[in-house]
Structure formats: C-alpha cells, structure tokens
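One-letter residues, chain by chain:
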Amino acid sequence: METGNQTAVSKFILLGLSEDVNLQPLLFGLFLYMYLVCVIGNLLIILAIIADSHLHTPMYFFLSNLSFTDICFTSTTVLKMLANIQTQSKAITYEGCLTQMYFFMIFAGLDNLLLTVMAYDRFVAICHPLRYTVIMNPRLCGLLLLLSWLICLTYSLLQSLMVLRLSFCKETEIPHFFCELAQILKLACSDTLVNDILLYFVTGLLGVIPLTGILLSYSRIISSIMGISSTGGKYKAFSTCGSHLSVVSLFYGAGLGVYLTSGTAHPSRKGSVASVMYTVVTPMLNPFIYSLRNRDMKGALRRLCTRGTYSQ
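In this text, all values refer to a predicted model and were calculated from it rather than measured experimentally.

Peer 1: Is there a simple way to explain the sheet that holds strand β3 (residues 91-93) in this structure?
Peer 2: Hydrogen bonds along the backbone pair up the strands of a sheet, which may run parallel or antiparallel. Read across the open sheet, the three strands follow the order β3-β2-β5; overall the sheet is mixed. Of all strands in the sheet, those bounded by a partner on one side alone are β3 and β5 (173-174). Taken together, the three bridges between strand β2 (residues 11-14) and β3 define a ladder with antiparallel strand orientation. From the neighbouring strand, F12 faces β3, where its bridge partner is I92. Of the strands in this sheet, β2, β3 and β5 are in contact with helix α3 (residues 94-127), which crosses β3 at around 85°.

Peer 1: Would you mind showing me how to read the nonpolar core here?
Peer 2: The biggest cluster of nonpolar side chains holds 73 residues, and the ones touching the most others in it are F31, L63, I221, Y278 and M297. Among the elements that line this core, the one with the most residues is α3, at 16 residues. Within the second largest apolar cluster, 26 residues are counted, among which are Y94, Y155, F168 and L181.

Peer 1: For this particular structure, what's the right way to read the state of the cysteines?
Peer 2: Following the criterion strictly, the structure yields one disulfide and no others. Residue C97 pairs covalently with C179 via a disulfide, S to S 2.0 Å. Between C97 and C179, the S-S torsion sits near -120°, and that sign places the bridge as left-handed. Highlighted residues: C97 in helix α3 and C179 in the loop between β5 and α6 (181-186), separated in sequence by 82 residues.

Peer 1: Would you mind going over the pattern of salt bridges with me for this structure?
Peer 2: Two side chains of opposite charge can pair, provided their charged atoms sit close to one another. Within this structure, the stated rule accounts for two salt bridges. Where R122 meets D121, a salt bridge forms, and the shortest distance between an N and an O atom there is 2.8 Å. We classify R122 as buried; its relative accessible area is 8%.

Peer 1: It is not clear to me how the packing of helix α2 (residues 58-87) against helix α5 (residues 138-164) should be interpreted in this structure. Could you clarify?
Peer 2: What describes two packed helices is the angle between their axes and the distance between those same axes. Running from N to C, α2 and α5 cross one another at 25°; their axes reach a closest spacing of 11 Å. The angle between α2 and α5 falls in the class roughly parallel. For the crossing formed where α2 meets α5, the hand is right-handed. Seen from α2, the contacting residues are P58, F61, F62, N65 and F68; seen from α5, they are C141, L144, L145 and W149.

Peer 1: How should the side chain of T282 be read in this particular structure?
Peer 2: Of note, T282 is situated in helix α9 (residues 269-292). Judged by its relative accessible area of 2%, T282 falls in the buried class. Within the local environment of T282, its side chain forms a polar contact with the backbone oxygen of M277, the two atoms lying 2.8 Å apart. When sequence neighbours within four positions are dropped, the list of residues in contact with T282 reads L250, F251, A254 and M277.

Peer 1: What exactly am I supposed to notice about the packing of aromatic side chains here?
Peer 2: The relation between two aromatic rings is expressed through the spacing of the ring centres and the mutual angle of the planes. Here the structure, examined in full by the defined rule, presents 15 aromatic pairs. Judged by centre distance (6.1 Å) and plane angle (25°), the ring pair of F12 and Y94 falls under stacked. In this pair, F12 is assigned in strand β2 and Y94 in helix α3, connecting sequence segments 82 residues apart. F12 gets classed as buried once you look at its relative accessible area, which sits at 0%. Given a relative accessible area of 15%, Y94 falls into the buried group.

Peer 1: Help me understand the side chain of D70, please; the structure alone is not making it clear to me.
Peer 2: One can find D70 in helix α2. Using a relative accessible area of 1% as the deciding quantity, one classes D70 as buried. A polar contact of 2.8 Å, which involves the side chain of D70, links it to the side chain of N286. Contacts of D70, omitting those with residues within four sequence positions, involve C38, N42, D111, P283 and N286.

Reading the values: rules and limits
- Each chain carries its own residue numbering, running from 1 in the direction its sequence is written.
- Only residues with pLDDT of at least 70 are given local features in this predicted model, and only at 80 or more are side-chain atom pairs given and counted; all residues enter the totals for whole chains, interfaces and linings.
- Water and hydrogen atoms play no part in the side-chain values, which are based on all heavy atoms of the structure.
- Paired strands, in this sense, are two strands between which DSSP finds at least two bridges.
- Numbering of helices and strands runs from the N terminus; a helix is a DSSP stretch of H or I covering at least four residues, while a strand is a stretch of E covering at least two.
- Whether two residues are in contact is decided by their heavy atoms: any pair within 4.5 Å suffices.
- A fitted line through C-alpha atoms represents every axis, and for helices the fit uses only the stretch in contact; the resulting angles, taken between N-to-C directions, go from 0 to 180 degrees.
- Put simply, buried Ala, Val, Leu, Ile, Met, Phe, Trp, Tyr and Cys residues joined by side-chain atoms within 4.5 Å make one nonpolar core.
- Each residue is assigned to one of three classes by its accessible area relative to the maximum for its type, calculated with a 1.4 Å probe on protein chains only: buried under 20%, partly exposed between the two thresholds, exposed over 50%.
- The criterion for a disulfide is a pair of cysteine sulfur atoms lying within 2.5 Å.
- Salt bridges are identified by distance alone: a Lys or Arg side-chain nitrogen within 4 Å of an Asp or Glu carboxyl oxygen.
- Roughly parallel means an angle under 35 degrees; roughly antiparallel means over 145; roughly perpendicular covers 65 to 115; every other angle is labelled oblique.
- Crossing handedness: left-handed means the near helix sits turned counterclockwise from the far one by under a right angle, and right-handed means the same turn made clockwise.
- For the purposes of these results, a polar contact is taken to be a pair of N or O atoms within 3.5 Å, where, inside protein, one atom must be able to donate a hydrogen and its partner to accept one; residues adjacent in sequence count only when each atom of the pair is a side-chain atom.
- When the centres of two rings from Phe, Tyr and Trp lie within 6.5 Å, Trp using its six-membered ring, the rings pair. Their planes under 30 degrees apart give stacked, over 60 give edge-to-face, and anything left gives tilted.

The structure is reproduced here in structure tokens:
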C-alpha cells in the first residue's frame, strides 16, 4: 500500500447500520429494547440458577456462565452504538476502538467454547449417565471454564498487540456499528499479511475444533438415543439437549453469515445486518430458548418471580 497517506489515527468513524437520519430514532428504540430484553432475560437465568439448589448442576453452571457472557458480549457493542445515536456522533477513539475489539473477541470466543463444553456435558449425561457425577465433577467444570477464559484472553491480547504495530490511512470509516478486527485490518496502510494469517488461522482453529467437538458429541448422543427402546425415554433424552442444539444452530448459523459477508473485498451493510443476528439477536433469544423448552428452568423462574412478589 502507499505510505503517503499514513497518519497517526486518533479516532475511527463507525458508519452504523444506516446513514438515514430519520431511521436513527427507530434504530435507537429497537436496539435499546433488544438490549434490555437480553440483559433482563439473562440476568433472570443467572438469578434462578443461583437461587434454586436443584439447578446447582454442571449443565446449569455452564448455562449461567453463558448468560453472563451473553450480557457482556452484547454490552460491548450495543452500548456504544446507542451512545453514538443519542449524541449524533459516529466517532470512536483509537483506544476505545481497540478496547471494544479486544472485549468483543473475548466474549465471542467464550460463547463458542462454552457451547462446546455444554455439548460435552450433554454427551456425558446421555451416553454415560451412571458416571456423570464422577466425570463432571466441580473440579473439572472449574478447569474447563478457566481454560476457556485463558484461551480467549490470550487470543484477544495477541490480536490486539498485533494491531498496535499497524499504521492507518486517513480513511478511517468502518462500515459497521462496532470495531471488528477484520474491518480494522482493511483500513491499515502498512502490511497486514501476518495479521491476516493469524486472524484466519486462529479463527479457523477456534471455529473448526469446537464445532467438530459439538458434532462428534451429538453424533454419539443421537446413536445412544436411537438405542433406547421406549418412545418416552427417547423424548426425555432429546428434550435434555434440544435447547442447547437450538442455541448452537443460531450461534453458528449467524456466525457463518458474518464470516461470508465479511470476507468480501468491499464490505457492505449486509455484513452489519448479519452481525446484528450474531451479537444481539442470538444472546437475546437464548433465555427464551432455555426457559421455554426446559421444565426445570421454567419452574425455577416461576419460584424466583413468586419469591420476589412475596418479598414486596
């Protein structure tokens, strides 16, 4: 790239979902509503799991961590977008952009790894029910959670440090509503070959390996369920993993859409719309999926709400 246009960048411009001024109040109201639903829904899941001793199991331990991650994941992107719409400013500082990118990668990676761990939990519960409490002991659950955090923190820090070595052109408009690594790299004037290799290698690794683990877990789960003679037993086994399978389908489906649109040479608003599904809609729907399809969770939420009503 030409070096004549290089400059010390102090801010980026987030173009958002639309430049139409008349649409901004609608976008603000819509995203504020989705954000509040996401936060309240996931907080209720966390509180219900903490308050109900019957839900102090590995599956709900990971579910509460997934809900916490979803709150942080959505907050990382949506709060800045709402602030920009409210102040009628599209600017984000260089430091703020890198910070947002760093935390976005952490929580996106955590979502991915937690879904994989939850698939393994369902595999052990259905394929090895008699050994479930022995295998999925508190120590292993804590180690799996710690390992997930360490992987995401290391990867995000490495990517952020690699971005710090880049210089940027005067054109600093990001066709997105948040700072995404792939979009930032496209604005760089210096050579991004190492960054691109690291991005696609690690993203592929963190995408392919967890997805492969999920698929292998469910292939074993399905074969075990097919071996159950009674229809009631098959339905009960399927119902224990139906919610998780729905969330996995939403997460990877939206993630695939983002990957396909972000890979184009000239990114359009289609990528931003796909990212809305990935960063806002999926975390918002997760509490509904787990509460509507799970009898234990519905009961815990009912008891939590009843307790709150009586305490008043």
